[in-house]
There are 2 protein chains.
Amino acid sequence: MVLSIRKNKSPEVPNSCPLSECMTVLGGVWTPNVIWCLSGGPRRFSELQIDIPQVSAKVLTTRLRELEKKGVVDRNVKPTSPPSVEYSLTELGNDLIPAIDAIVRVGHKLKENAG
Amino acid sequence: MVLSIRKNKSPEVPNSCPLSECMTVLGGVWTPNVIWCLSGGPRRFSELQIDIPQVSAKVLTTRLRELEKKGVVDRNVKPTSPPSVEYSLTELGNDLIPAIDAIVRVGHKLKENAG
DNA sequence: TTATTAGGTTTCCGTATGGTAACTAAAGGT
DNA sequence: ACCTTTAGTTACCATACGGAAACCTAATAA
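Residues numbered from 1 in each chain as written. Chains lettered and ligands numbered in written order. Predicted model: local features only at pLDDT ≥ 70, side-chain atom pairs only at ≥ 80, totals over all residues. Heavy atoms only, no water.

Undergrad: Is there a simple way to think about the sheet that holds strand β3 (residues 73-78) of chain B in this case?
TA: Hydrogen bonds along the backbone pair up the strands of a sheet, which may run parallel or antiparallel. Strand order across the open sheet formed by three strands is β2-β4-β3 (chain B), with antiparallel pairing between neighbours. Bordering the open sheet on either side are β2 (43-44) and β3 of chain B, each of which pairs with just one other strand. (Pairing = 2+ DSSP bridges. Helix = DSSP H or I, 4+ residues; strand = E, 2+ residues; numbered from the N terminus.)

Here it is in structure tokens:
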């Protein structure tokens, strides 16, 4: 795949700067993409897999669990059979959208330049 | 340290989405921080080391070389003795500032929330 | 002639992390 | 009884990546 954000242990960097703070949340392969997909509204696990075909179930699960733990996404299990699971952005998750937006905008510019 | 953006090989993702495109540029530990530091004006290698104390010379060099190759920073060797090197953002580098800005803003919000 | 400075480079090494693929649970359909 | 579906989990593996520390070069100063 393409890119991830690695999160090493950091015993000696207790109170990081805002930049690193936020990058920690954005950390992990496909994390920004997941947030971006959810910014359009709630999505099911299988839908996210279709949205981001390169992501493996393992990694997608990992990312969603991380984001849930950080309070960025909500996980909602619906009592269907088999149960379906819907993920959505929390308020905190929505706060991230402008940042992702800005990144996407630069991405467009990059593609123009490289195009 | 705290976080990096990993960039794995990706033979099967030729034309990535704008988001991934931009994240590739932001890839690597401390990359956003370096860009952020340079957004205040040109900085020398040793100054960047002071700005970001946790970064090792090896990694800082690697990041700067990558950013240079991607056209994000300029490298300017001054004929002093010993020669000093000044890094600055290119036009493309400046395009990234709004994105970093947005990330920093979220970072502040995160720190408030986390108290 | 020895030390110092700036800006690196190189080596070695550990591990965090992603990929792949096989396996699972529970319910409903046929 | 068996298959399918959803949403994962688990095991195994390879490696990209960062950390630490030693080393390098040329010019100047002491």
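Once you've had a look at it, read on.
Undergrad: Would you take a moment to explain the pairing of β3(B) for this structure?
TA: The two faces of the sheet receive side chains in turn, since in a regular strand these alternate between them. All names here are of chain B. Summarising the sheet, β3 and strand β4 (residues 84-89) pair through six bridges and their orientation is antiparallel. Looking across to β4, one finds that K78 is bridged to S84. Between the end of β3 and the start of β4, which pair antiparallel, lie five residues.

Undergrad: Got a minute to help me understand the packing of helix α2 (residues 31-38) of chain B against helix α5 (residues 91-114) of chain B in this structure?
TA: The angle between the axes and the distance between the axes are what describe a pair of packed helices. All names here are of chain B. Running from N to C, α2 and α5 point in directions that differ by 110 degrees, and their axes come no closer than 10 Å. Accordingly, the angle class assigned to the pair α2 and α5 is roughly perpendicular. As for how α2 packs across α5, the hand of that crossing is left-handed. Note on element contacts: α5 touches α2 through G93, L96, I100, D101 and V104, opposite P32, I35 and W36. In the contact of α2 with α5, the residues fall into six nonpolar, one polar and one charged. (Axes fitted to C-alpha atoms, helices over the stretch in contact; angles between N-to-C directions. Parallel < 35°, antiparallel > 145°, perpendicular 65-115°, else oblique. Left-handed = near helix turned anticlockwise from the far one by under 90°. Contact = heavy atoms within 4.5 Å. Nonpolar A, V, L, I, M, F, W, Y, C, P; charged D, E, K, R; others polar.)

Undergrad: What exactly am I supposed to notice about helix α1 (residues 18-25) of chain B here?
TA: Residues spaced three or four apart along an α-helix face the same direction, because each turn holds 3.6 residues. The element α1(B) is extensively covered by neighbouring structure, given that six of its eight residues are classed as buried. What α1(B) keeps buried is the set P18(B), L19(B), S20(B), C22(B), M23(B) and V25(B). (Buried < 20%, exposed > 50% of the residue type's maximum accessible area, 1.4 Å probe, protein only.)

Undergrad: What should I look at first to understand the environment of V72(A) in this one?
TA: Residue and element names in this part refer to chain A. Examined against the element boundaries, V72 turns out to sit in the loop between α4 (57-69) and β3 (73-78). Along the chain, V72 and L89 lie 17 residues apart, while their C-alpha atoms are 5.9 Å from each other. Here V72 is in contact with V25, I35, L67, S88, L89, T90, L92, G93 and L96, once residues within four sequence places are set aside.

Undergrad: Please clarify how unusual backbone geometry should be interpreted in this entry.
TA: Generally, phi is negative for residues other than glycine and the peptide bonds are trans, each holding for most cases. All names here are of chain A. Omega for the peptide link from S81 to P82 comes to -5 degrees, which places this bond in the cis form. By the secondary structure assignment, P82 is in the loop between β3 and β4 (84-89). The backbone phi angle of W30 is positive, close to 75 degrees, even though this residue is not glycine. Given the relative accessible area of 5%, W30 is considered buried.

Undergrad: Explanation requested: the sheet that holds β3(A) in the structure shown.
TA: Residue and element names in this part refer to chain A. On the basis of which strands lie adjacent, the open sheet formed by three strands has the order β2-β4-β3 and antiparallel pairing. Strand pairing shows two members of the sheet lacking a second neighbour, β2 (43-44) and β3, which therefore form its edges. Note that β2 and β4 share two bridges and pair antiparallel. Note that in β4 the partner of R43 across the bridge is Y87. In the packing of helix α2 (residues 31-38) onto the sheet, contacts are made with β2, β3 and β4, and the angle to β4 comes to roughly 95 degrees.

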